[in-house]
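Notes for the structure review
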Amino acid sequence: MPEDVSRDEARAVLDRAAESRRRILAAQARWVVVAKLVVAVLFAAVTLTWGFVEPFVLRTVLAFVVIGLIPL
């Protein structure tokens, strides 16, 4: 059977939960920024590969290799 908690104890637990949620959301926001930068770099690599590599077969293979890295 659960024991009774005072209002102060309940408030302290809720405050800790709110702080934990804030920290988790901040960490997720940082990783979203990192993920966007990685995707932007990979798309830039695809664009540069497609524009500067001359033999069509090599250009296609390199572009597909870089495109294959995007889901990772």
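Preceding block: the structure.
From a predicted model like this one, the values you see are computed outputs, not experimental measurements. (Residues numbered from 1 in each chain as written. Predicted model: local features only at pLDDT ≥ 70, side-chain atom pairs only at ≥ 80, totals over all residues. Heavy atoms only, no water.)

**Describing the pattern of salt bridges**
- Counted under the stated rule, the structure contains 2 salt bridges.
- Ionic pairing is found between Glu19 and Arg22, a salt bridge with its closest N-O pair at 2.6 Å. Residue Glu19 and its partner Arg22 are located together in helix H1 (residues 7–52), separated by 3 residues, close to a single helical turn.
- What makes Glu19 partly exposed here is its relative accessible area of 34%.
- Relative accessible area serves as the criterion here: at 47%, Arg22 is assigned to the partly exposed category.
- Where Glu19 meets Arg23, a salt bridge forms, and the shortest distance between an N and an O atom there is 3.9 Å. With Glu19 and Arg23 both in helix H1, this residue pair falls 4 residues apart, about one helical turn. (Salt bridge = Lys/Arg side-chain N within 4 Å of Asp/Glu carboxyl O. Helix = DSSP H or I, 4+ residues; strand = E, 2+ residues; numbered from the N terminus. Buried < 20%, exposed > 50% of the residue type's maximum accessible area, 1.4 Å probe, protein only.)

**Points about a nonpolar patch on the surface**
- Together, Trp50, Phe56, Val57, Val61 and Val65 make up a nonpolar patch on the protein surface, roughly 510 Å² of accessible area in all.
- Among the elements that line the nonpolar patch, the one with the most residues is helix H2 (residues 56–69), at 4 residues.
- With respect to the helices and strands, Val61 occurs in helix H2.
- Classification of Val61 by relative accessible area gives partly exposed; the value is 46%. (Patch = residues over 30% accessible without salt bridge, like charges linked within 9 Å, V, L, I, M, F, W, Y side chains within 5 Å. Areas by Shrake-Rupley, 256 points an atom, 1.4 Å probe, with all protein chains shown as cover.)

**Side note on the side chain of Arg59**
- Its location among the elements puts Arg59 in helix H2.
- Among residues more than four places away in sequence, those in contact with Arg59 are Thr49, Trp50, Val53 and Glu54. (Contact = heavy atoms within 4.5 Å.)

**Things to note about H1**
- Under the 1.5 Å per step criterion, the end-to-end length of H1 is 67 Å for 46 residues, consistent within 8% with the ideal 68 Å.
- Of the residues making up H1, those classed as buried are Leu42, Val46 and Thr49.
- Elements that come into contact with the buried residues of H1 comprise H2. (Expected span 1.5 Å × (residues − 1).)

By themselves, these observations are geometric and do not establish any function.
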